[in-house]
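Structural characterization, general
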Amino acid sequence: MKQFFIFLAMVTSLVACQQPNLDSEKASAEAAINEFYSAAQKFDYEGMKSFCTPDFSAFEDGMKFNTLDDFINLFKGIEGATVDLKLNFVKTEVSGNMASSIVEFDASFTNGPAVIHFLTYEDYILKKVNNKWLLSYFHSSHLPNPEDTDYASVHLLKVPEDMEIDELSETISKLNEAIASMGYMDCGYKLLQIKEDNSNTYNYFIRGDWKTQETYKTIHDSDAFKNVADSIPEAVRDVMKTQLYVKVEKIE
């Protein structure tokens, strides 16, 4: 009987030794996320890839990224910016070779006068491959920014019936590309058509979203924006001369 208990103790000890240390595994999974963003801050794309699975995908602020290269293109668009990231790990769980982590994410990007700041709540899925934790997927939900005052510009236009609307649409697309090149991917213009029977009224509407008055000024004072604005076609300029234009923000 004594030998049986000795044998049972040895088996229990052996099994315990073979079980992974969950606290250690959680720390390793969180470290992989931290290292991924440490590489991102330095625009080290190969470093970012070393912490991801080949089938990496992500969903960020309404945009789906099917590959890591798609996601990396976000960072390529702001190369040279100063990146400040703060990660607060809310909860991390490990089950075998899979792990999940919930992270509060505070990020700011500074590129010259342009400063982009956002807060997000993110869910990560990681896989353990060759004894190394790798990011497989994450979903990011952007939180309301207390600095955001819903600052916007409103443009009511009378576009002549004989004018090609494509010219106006292309101008707006070029302005939005210039704005996005500064890192302000959630700012810019949207063109909408007003459904009215009376042709004497305004027939098109442009809404410009800028978040804050300071962001509006930074964008409109930038060389990227001015270069496009200076090359706006004459027909579009003529339409802008008769527009009804106001700026608005949320009620305090």
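Procedures and definitions
Counting restarts for each chain: residues are numbered from 1 in the order of the written sequence. With pLDDT at 70 or above as the cut-off, local features in this predicted model cover only qualifying residues; side-chain atom pairs require 80 or more to be listed or tallied, and sums for whole chains, interfaces and linings still use all residues. Calculated side-chain values reflect all of the structure's heavy atoms, with hydrogen atoms and water omitted. Within this analysis, patches are made of residues with over 30% relative accessible area and no salt bridge. Like charges are joined at 9 Å or less; nonpolar side chains (Val, Leu, Ile, Met, Phe, Trp, Tyr) at 5 Å or less. Each accessible area is a Shrake-Rupley result for a 1.4 Å probe, and residues are judged covered by the shown protein chains and nothing else. The working definition used for a salt bridge is a side-chain nitrogen of Lys or Arg within 4 Å of a carboxyl oxygen of Asp or Glu. Secondary structure elements are defined from DSSP: runs of H or I of at least 4 residues count as helices, runs of E of at least 2 residues count as strands, and each element is numbered from the N terminus. Think of it in three bands: residues with accessible area under 20% of the maximum for their type are buried, residues over 50% are exposed, and the middle band is partly exposed, with areas taken using a 1.4 Å probe on protein chains only. Here a strand pair is declared whenever DSSP counts at least two bridges between the two strands. Here an angle of 0 to 180 degrees is reported between the N-to-C directions of two axes, which are lines fitted to C-alpha atoms, with helices fitted over the stretch in contact. Contact criterion: two residues are considered in contact whenever any of their non-hydrogen atoms come within 4.5 Å of each other.

Glancing now at a nonpolar patch on the surface. Together, V90, Y121 and L143 make up an exposed nonpolar region whose accessible area comes to about 240 Å². With respect to the element layout, V90 can be found in strand β3 (residues 82-95). We classify V90 as partly exposed; its relative accessible area is 41%.

We now examine the sheet that holds strand β7 (residues 151-157). With antiparallel pairing, the 4 strands of this open sheet are ordered in space as β8-β9-β7-β10. Either end of the sheet is taken by a strand with one partner, and the two such strands are β8 (188-193) and β10 (244-248). Going from strand to strand, the sheet's axes swing by 15° on average, the running direction of each strand aside. Of the strand pairs in this sheet, β8 and strand β9 (residues 204-211) are connected by 6 bridges, and their pairing is antiparallel. Looking at β9, one finds that K190 is bridged to R207. The strands touched by helix α6 (residues 213-220) are β7, β8, β9 and β10; relative to β9, the strand with the most contacts, the crossing angle is about 105°.

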